[in-house]
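The lines below spell out each chain.
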Amino acid sequence: QVQVVESGGGLVQAGGSLRPACAASGRTFSSLSVGWFRQAPGKERELVAAITWSSDNTVYADSVEGRVIISRDNAKNTVYLQMNSLKPEDTAVYSCAAVLGTLAHYSDYVSYDYWGQGTQVTVSS
């Protein structure tokens, strides 16, 4: 069984930075591909970024390309989402999801097996 817990959300002014973290328990962490999703009120859930279990591939949403970096530290069982130049439209609940192996489409949230409870990111103007 894998448990996923997010941390590091918060309130920041536009132009600021945050680095949410996604910690996963279990010995299979190095085999997990991980995606960060977000959902704002009244909007659909969308992929922000994803990283494969081997770190050989990363995926970013067009809306965050160049402002966000996803990375992982397998020694700490943690995936990080470095978010810079934040905008008010980045405000959402950010959730971490994990799946064993790789996916053909990382934006397909129904393909992930393990989810965290989410962390709120609020960007003020």
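It should be emphasised that the depicted structure is a prediction, and the values quoted were computed from it without experimental measurement. (Residues numbered from 1 in each chain as written. Predicted model: local features only at pLDDT ≥ 70, side-chain atom pairs only at ≥ 80, totals over all residues. Heavy atoms only, no water.)

Caption draft 1: Summary view of the overall build of the chain. Scanning the chain for helices and strands turns up 0 helices and 11 strands. Computed over the C-alpha atoms, the radius of gyration of the chain is 13 Å, within 12% of the 14 Å expected from 2.2 N^0.38 for a compact globule of 125 residues. In the chain, which comprises 125 residues, the share counted as buried stands at 44%. Put simply, of all contacts in the chain between residues at least 6 apart along the chain, 59% involve residues at least 24 apart. Carbon and sulfur atoms form 47% of the exposed surface of the chain, whose accessible area is close to 6,400 Å². (Helix = DSSP H or I, 4+ residues; strand = E, 2+ residues; numbered from the N terminus. Rg over C-alpha atoms; globule rule 2.2 N^0.38 Å. Buried < 20%, exposed > 50% of the residue type's maximum accessible area, 1.4 Å probe, protein only. Contact = heavy atoms within 4.5 Å. Areas by Shrake-Rupley, 256 points an atom, 1.4 Å probe, with all protein chains shown as cover.)

Caption draft 2: Layout of the state of the cysteines. Scanning the model with the defined rule gives 1 disulfide in all. One disulfide in the model links Cys22 with Cys96; its S-S distance is 1.9 Å. Taking the torsion about the sulfur-sulfur bond, which here is approximately -70°, the covalent link between Cys22 and Cys96 counts as left-handed. Separated by 74 residues along the polypeptide, Cys22 in strand β3 (residues 21–24) and Cys96 in strand β9 (residues 92–100) bring together distant segments of the chain. The residues Cys22 and Cys96 share a single accessibility class, namely buried. (Disulfide = S-S within 2.5 Å.)

Caption draft 3: How the structure looks around the nonpolar core. Core analysis: the biggest nonpolar cluster contains 30 residues, and Trp36 and Leu81 have the highest contact counts within it. At the level of secondary structure, the elements contributing two or more residues to this core comprise β3, β4 (32–39), β5 (46–51), β7 (68–73), β8 (78–83), β9 and β11 (119–124). Counting residues in hydrophobic clusters, the runner-up holds 8 residues, among them Phe37, Ala50, Leu103 and Tyr106. (Core = buried A, V, L, I, M, F, W, Y, C linked by side-chain atoms within 4.5 Å.)

Caption draft 4: Seen up close, the sheet that holds strand β1 (residues 4–7). Reading across the sheet, the 4 strands line up as β1-β3-β8-β7 and stay open at both edges, with antiparallel pairing between neighbours. At either end of the open sheet lies a strand with only one pairing partner, and these are β1 and β7. Neighbour to neighbour, the strand axes of the sheet diverge by 15° on average, direction disregarded. (Pairing = 2+ DSSP bridges. Axes fitted to C-alpha atoms, helices over the stretch in contact; angles between N-to-C directions.)

Caption draft 5: Quick peek at the packing of aromatic side chains. Going through the model one piece at a time under the given rule, you end up with 4 aromatic pairs. Between Phe37 and Tyr112, the aromatic rings sit 5.2 Å apart at their centres with planes inclined by 85°, giving edge-to-face as the arrangement. Note that Phe37 is positioned in strand β4 and Tyr112 in the loop between β9 and β10 (114–115), a separation of 75 residues in sequence. Like Tyr112, Phe37 is buried. When the centroid spacing of 5.2 Å and the interplanar angle of 45° are considered together, the rings of Phe37 and Trp115 count as tilted. Highlighted residues: Phe37 in strand β4 and Trp115 in strand β10, separated in sequence by 78 residues. Under the relative-accessibility criterion, Trp115 is labelled partly exposed at 29%. By way of ring pairs, the aromatic residues Phe37, Tyr109, Tyr112 and Trp115 are connected into one cluster. Positioned above the aromatic ring of Tyr109, the side-chain terminus of Arg45 is 4.6 Å from the ring centre. Taking NZ or CZ as reference, Arg72 lies 4.8 Å from the ring centre of Phe29, over its face. (Phe/Tyr/Trp six-rings, centres within 6.5 Å; stacked < 30°, edge-to-face > 60°. Lys NZ or Arg CZ within 6 Å of the ring centre and 35° of its normal.)

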